Each structure stands twice: as C-alpha cells, then as structure tokens.
Amino acid sequence: MRVAMIGTGYVGLVSGVCFSDFGHEVVCVDKDPAKLEMLRAGQVPIYEPGLQELMVRNMESGRLHFSNDLPAAVSEADAVFIAVGTPARRGDGHADLTYVFAAAEEIAHAIDDYTVVVIKSTVPVGTNRQVQKIIAMANPQADFDVASNPSGPVGA
Ligand SMILES: NC(=O)c1ccc[n+]([C@@H]2O[C@H](COP(=O)([O-])OP(=O)(O)OC[C@H]3O[C@@H](n4cnc5c(N)ncnc54)[C@H](O)[C@@H]3O)[C@@H](O)[C@H]2O)c1
C-alpha cells in the first residue's frame, strides 16, 4: 500500500517508519525544512531507541521518503494519515484543530483517485465529520473516506 504521512513529528515519524518496515511505500511529509534535512541525512530528531536504524534501513530499501511536496505525496497515496500537532488551546485547553483542518484542505486539492484519509492526530469526537466536510467542499469530485487511527503514547 502507498502511504502519505502528513506531519513528521513524534507520531508521524514513528508510524511512517514502522509502516515502511511492514513493507508499505511511505512518504513522510513535513513543512519544516530543517527537520526534513535532518531526516534525509538519516538523523532522527527525537529520542526513540532503535528508530534511526529502522529508518535508515527502510530509506536504503527505497520504501521510505521524506518530502515537503504534499500534493505529490497525496496524489500517489492509497491512504493519507494526518499526524499534525493539535496543541492545547490557551484558555480552555481544548485541542486546537487549526493544523488538522489546514492539512485536510491541502489534501482535498490533491486527491485524484480513491483515497482513505486517516486521522491519527488526537482530536475530539466529531472531527472526522468536520474533516469529511472540509474535503468535500474543497474538492467536490474527491472520492474518499475518512477513518480514525488515534495514537496512544508513542509505541502503544
Ligand atoms: N507525541 C506523543 O507522544 C503523542 C502521543 C499521542 C498522541 N499524540 C498526538 O499526535 C499528534 C501529533 O503529535 P506530535 O507530537 O507528533 O506533533 P509534533 O508537533 O511533534 O509534529 C507535528 C508535525 O506536523 C508538521 N505539520 C503541521 N502541519 C503540517 C502540514 N499541513 N503539512 C505537513 N506537515 C505539517 C509540523 O511541522 C510538525 O513537524 C497530536 O495530535 C498529538 O496530540 C502525540
């Protein structure tokens, strides 16, 4: 399966590397150029024992790539995972879904074949429905479904 992982932080990087190790073709997308440069050089920016070895092995096998080109990654993917940050909002502490919704909009414009959009970020109940609406409004032709695959603590 071809996977695009949108957001290459703790959750996206660990998930993307592990999916590639299972044999999937994975493109990990991020907007942070410094992070991408580090990853492409085979360096892991987080503390996760064993991850670097696994990452480098799968990069060398050609199954794992790092990119800032979200449209290209999405248009080639069967499944697109949203793993961007959802920081607690100042004041009420609720998850700030700004990055999730922005990613959904970007993904929408790049869908050109049946795609499963999987929300991996930690989000409140009802978010799938909102993401579904954002994608359908941004790209009424898009053939897609939205699913949930929430992360527990990394490694869980
Ligand atoms: N870190 C954990 O241990 C943990 C555990 C469980 C759940 N979560 C949840 O997982 C989600 C991700 O957390 P994290 O700690 O990996 O976040 P993070 O902040 O480490 O990484 C998010 C990444 O997404 C990138 N990004 C944001 N918008 C983007 C876009 N439109 N396109 C491409 N890249 C984009 C950022 O540059 C950043 O590198 C959050 O919802 C968090 O609550 C995290």
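Right above here is the structure, for reference.
Note that the coordinates shown come from a computational prediction; the quantities given were computed from them, not determined experimentally.

Engineer: Looking at this structure, how should I read the overall build of the protein chain?
Structural biologist: Within the protein chain, the regular secondary structure consists of 6 helices and 6 strands. For the protein chain, the N- to C-terminal ordering of α and β elements is β-α-β-α-α-β-α-β-α-β-α-β. Against the compact-globule benchmark of 15 Å for 156 residues, the protein chain has a radius of gyration of 15 Å, which places it among compact chains. By principal-axis analysis of the C-alpha atoms, the protein chain measures approximately 40 × 40 × 25 Å. Of all 156 residues assigned to the protein chain, the portion counted as buried reaches 40%. Contacts spanning at least 24 positions in sequence make up 68% of the contacts within the protein chain whose residues lie at least 6 apart. Total accessible area on the protein chain stands at roughly 8,300 Å², and carbon and sulfur atoms take up 53% of it. In the protein chain, 11 side chains carry a positive charge and 19 a negative one; their mean positions are 6 Å apart.

Engineer: Would you mind showing me how to read the sheet that holds strand β2 (residues 25-29) here?
Structural biologist: The strands making up a sheet associate through hydrogen bonds between their backbones, and the pairing can be parallel or antiparallel. Taken in spatial order, the 6 strands make up an open sheet running β3-β2-β1-β4-β5-β6, and their pairing is parallel. Only two strands of the sheet have a single partner each, and these edge strands are β3 (64-67) and β6 (144-148). Along the sheet, successive strands turn relative to each other by an average axial angle of 20 degrees, direction set aside. With 4 bridges connecting them, strand β4 (residues 79-82) and strand β5 (residues 115-119) associate as parallel partners. By the bridge assignment, A79 is partnered in β5 with V116.

Engineer: Quick question: what am I supposed to make of the packing of aromatic side chains here?
Structural biologist: Each pair of aromatic rings is reported with the distance of its centres and the angle of its planes. Using the criterion set out here, one finds 2 aromatic pairs in the structure. Between the aromatic rings of F19 and F22, the centroid separation amounts to 6.4 Å while the plane-to-plane angle is 65 degrees, which identifies the pairing as edge-to-face. Taking 5.0 Å as the distance between ring centres and 45 degrees as the angle between the ring planes, the aromatic pair formed by F19 and F81 counts as tilted. Placement of the pair is F19 in helix α1 (residues 10-21) and F81 in strand β4, with a sequence separation of 62 residues. Each member of the pair, F19 together with F81, is buried. One aromatic cluster in this structure is built from F19, F22 and F81.

Engineer: Which parts of the structure should I look at to understand the pattern of salt bridges?
Structural biologist: Any two side chains of opposite charge can pair, given that their charged atoms come close. Tallying each qualifying case throughout the model produces 4 salt bridges. With a closest N to O distance of 3.3 Å, E106 and K31 form a salt bridge. Of this pair, E106 sits in helix α5 (residues 98-110) while K31 is found in the loop between β2 and α2 (33-40), placing the two residues 75 residues apart along the sequence. With relative accessibility at 29%, the residue E106 sits in the partly exposed group. Judged by relative accessible area, K31 falls into the exposed class, the value being 65%. Of the charged contacts in the structure, one is a salt bridge between R89 and D92, with a shortest N-O distance of 2.4 Å. For D92, a relative accessible area of 40% translates into the label partly exposed.

Conventions adopted
One numbering rule holds for all chains: residues counted from 1, following each sequence as written. Local features in this predicted model are restricted to residues whose pLDDT is 70 or higher, and side-chain atom pairs enter the listing and the counts only when it is 80 or higher, whereas totals over whole chains, interfaces and linings include all residues. Excluded from the side-chain calculations are hydrogens and water; all other atoms, namely the structure's heavy atoms, are used. Strands here mean DSSP runs of E at least two residues long; helices mean DSSP runs of H or I at least four residues long; both are numbered from the N terminus. In this setup the radius of gyration rests on C-alpha atoms only. A globule is expected at 2.2 Å times the number of residues raised to 0.38. For each residue, the accessible area found with a 1.4 Å probe, counting protein chains only, is set against the maximum for its type, and the residue is called buried under 20%, exposed over 50%, and partly exposed in between. Any two residues whose heavy atoms approach within 4.5 Å are treated as being in contact. The protein chains shown are the only cover counted for residues, whose accessible areas, like all others here, come from Shrake-Rupley with a 1.4 Å probe. When charges are counted, Lys and Arg contribute as positive and Asp and Glu as negative, whereas His and the chain ends are disregarded. By convention, the point assigned to a charge is CZ for Arg, NZ for Lys, CD for Glu and CG for Asp. Should DSSP find at least two bridges between two strands, the strands are taken to pair. Axis angles are defined between N-to-C directions and span 0 to 180 degrees, where every axis is a line fitted to C-alpha atoms and, for a helix, only to the segment in contact. Geometry of aromatic contacts follows a simple scheme: Phe, Tyr and Trp rings, the Trp one being its six-membered ring, pair when their centres are within 6.5 Å, and the pair is stacked under 30 degrees between planes, edge-to-face over 60, tilted otherwise. A side-chain nitrogen of Lys or Arg and a carboxyl oxygen of Asp or Glu constitute a salt bridge if their distance falls within 4 Å.

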